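Here is what each chain is made of, one letter per residue.
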Amino acid sequence: MSITGSDTNALLRSIPAMEDLLNAPWAAPFTGPLGRETVKKIIAEALDEIRREISGGVPAGEPADCSPIDELVISRATTLLRLKSSSTLKPVVNATGVVIHTNLGRAPLAAEALAAVNAIAGTYSTLEYDPAKGGRGGRNAHVEWSLCRMTGAEAALVVNNNAAAVLLALSATATGREVIVSAGELVEIGDSFRIPEILSFSGAKMTAVGCTNSTRIKDYCGAITEDTAVLLKVHPSNYRIEGFVKSTSREELAELAAERGLVFMEDLGSGLLGPLGVSFAKNEHSVRECLLGGSNIVTFSGDKLLGGPQIGVIAGSKKLIDKMKAHQLLRALRVDKMTLAAFDATLRLYLSGRQNTIPVIGMIELDKSVLLEGARRLCRMLKRIAADLDAGDFDILVVETEDAIGGGSFPTDLLSGFGVGIRSNSFTAETLAAGLRAAPIPVIPAIHEDRVILHVRTLLKGDEKLIASAFSSAITAATLSREAD
Ligand SMILES: *Cc1c(COP(=O)(O)O)cnc(C)c1O
């Protein structure tokens, strides 16, 4: 269909007047929460969009029995109003089976951490105040003692995230000097954190040594110059090289650094504070083991395996950490009170031996029989809903799943779990998944071999109910749109 000049003018003229739109019954539910002025602006945005499309020759809806331009305006405006009347940051149900899912906000906090945020966020606090002295205190002091207890470090410092921790640690120790790192460890994490780039931001010069799959102690040795300040070891986190691999041990690097008066720094990524009850974690060293093995400084995230809020920890030598505490950059990377409250409460769970109440730890260590039971319950519930809605043939069954820890930890070690697989003769898996994601609290499933999979490992208390309502609205919507075709 092509639009002639006179068509265009006629279409533009047929757009309803703003006053009529604002007073129409469909707009009423939005004027309460958003206010009349905001609703007016949003409708104007929709109208502008439609005018541009008409003027650009894009057909504005097919002719229908009633005036199509009215329908188009109402549907565009309600979509936009719905989008803007609620926050885009909202809870979701993680049915992906990936425990530490960066896009879904990594670690859900423990109940104690939430209570701590709640107690601190709405009031004044001792954030930087020492009531005993009646004067200034330090915000880092709230968590330093617990961190030192848990890791055996002499000192510890927290910043915004682990990327900030690496940046500050390098800025305080290596600006204008050289940092030696293995070519096999020049990793990119979560498509934005790249070791070479962070190094260059810190003003340090990078010397990469060895090959992708092999770096020996003599490679480091040979690269040391009088400008060298740091030997850096980076946890490869999200990838693994199979086959012939030779990397240099922590102990060898620590010895070399000590001999030559250099700092030996390790970026651990996911900092393990305590032992993790899954067999493949035996090879993963805890922060304490790294420090015992001779690292002067280790950096790690608070919201990966640790299971706390987004934070970055620098732990190790007091002399080096004092330099970081005095660095100007710290002011730009400092942590706010809500994060500190949540992190402090999370650390206390470790200190009191109750880390299995931390959601990510609990999920990783979940027993298979519990997962199977959860999958069976969910399966029965979804079958009942599908039968009640009489929405055609569904194939709903308990399936074995491969779950992942995520967050760059153990990329090749999967956890075996259970879930519910859903296949329909009437809709594709993608249609069903899109329907689940369209719920007010979106349910995020996985898709495997044209089957929607709901992994039960990552479900939290109350999620079953949310899945039930998302599932019924998803199949109702899919049925309606199929009937409309
Ligand atoms: C995840 C990770 C980072 C980045 O940590 P953030 O807390 O996301 O900033 C840095 N280094 C390694 C090795 C990681 O695994």
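Conventions and cut-offs
Residues numbered from 1 in each chain as written. Predicted model: local features only at pLDDT ≥ 70, side-chain atom pairs only at ≥ 80, totals over all residues. Heavy atoms only, no water. Helix = DSSP H or I, 4+ residues; strand = E, 2+ residues; numbered from the N terminus. Buried < 20%, exposed > 50% of the residue type's maximum accessible area, 1.4 Å probe, protein only. Contact = heavy atoms within 4.5 Å. Areas by Shrake-Rupley, 256 points an atom, 1.4 Å probe, with all protein chains shown as cover. Lys, Arg positive; Asp, Glu negative; His and termini not counted. Charge placed at Lys NZ, Arg CZ, Asp CG, Glu CD. Pairing = 2+ DSSP bridges. Axes fitted to C-alpha atoms, helices over the stretch in contact; angles between N-to-C directions. 1 Å grid on protein atoms, 1.4 Å probe; cavity = no way out; pocket = protein on both sides within 12 Å on 5 of 7 lines; lining within 4 Å. Points joined across faces, edges and corners; volume = space filled by probe spheres on them. Nonpolar A, V, L, I, M, F, W, Y, C, P; charged D, E, K, R; others polar. Disulfide = S-S within 2.5 Å.

1. Some words on the overall build of the protein chain
Summing up its helical and strand segments, the protein chain has 19 helices and 18 strands in all. Judged by the C-alpha coordinates and their principal axes, the protein chain covers about 85 × 55 × 50 Å. Within the protein chain, the fraction of its 485 residues that count as buried is 47%. Restricting the contact set of the protein chain to residue pairs at least 6 apart, pairs at least 24 apart contribute 75%. Here the protein chain displays about 23700 Å² of accessible surface, and carbon together with sulfur accounts for 53% of that area. For the protein chain, the centre of its 50 positive side-chain charges and the centre of its 56 negative side-chain charges are spaced 6 Å apart.

2. Considerations on the sheet that holds strand E12 (residues 297-301)
Read from one edge to the other, the open sheet built from 7 strands follows the order E5-E13-E12-E11-E10-E6-E9, with strand pairing classed as mixed. Whereas interior strands pair on both sides, the edge strands pair on one side only; in this sheet they are strand E5 (155-159) and strand E9 (205-209). Across the sheet, the mean angle separating the axes of adjacent strands is 20° when strand polarity is ignored.

3. What to know about the layout of surface pockets
Approximately 1300 Å³ is the volume found for the largest pocket. His-101, Thr-102, Leu-104, Gly-105 and Arg-106 are the residues nearest the centre of the largest pocket, which is lined by 50 residues in total. Only strand E1 (93-94), strand E2 (98-100), helix H8 (162-174), strand E11 (263-270), helix H15 (337-351) and helix H19 (463-484) provide two or more residues apiece to the lining of the largest pocket. The residue inventory of the lining of the largest pocket, partitioned by class, reads 23 nonpolar, 20 polar and 7 charged.

4. With respect to the state of the cysteines
One pass over the full model with this rule turns up 0 disulfides. In this model Cys-211 remains outside any disulfide bridge; the closest cysteine sulfur is found in Cys-221, 17 Å from its own.

5. Quick look at the environment of Arg-13
Residue placement: Arg-13 occurs in helix H1 (residues 5-13). Of the residues examined, Arg-13 reaches a relative accessible area of 66% and is grouped as exposed. Put simply, Arg-13 and Ala-163 are 150 residues apart on the chain and 55 Å apart in space, counted from C-alpha to C-alpha.

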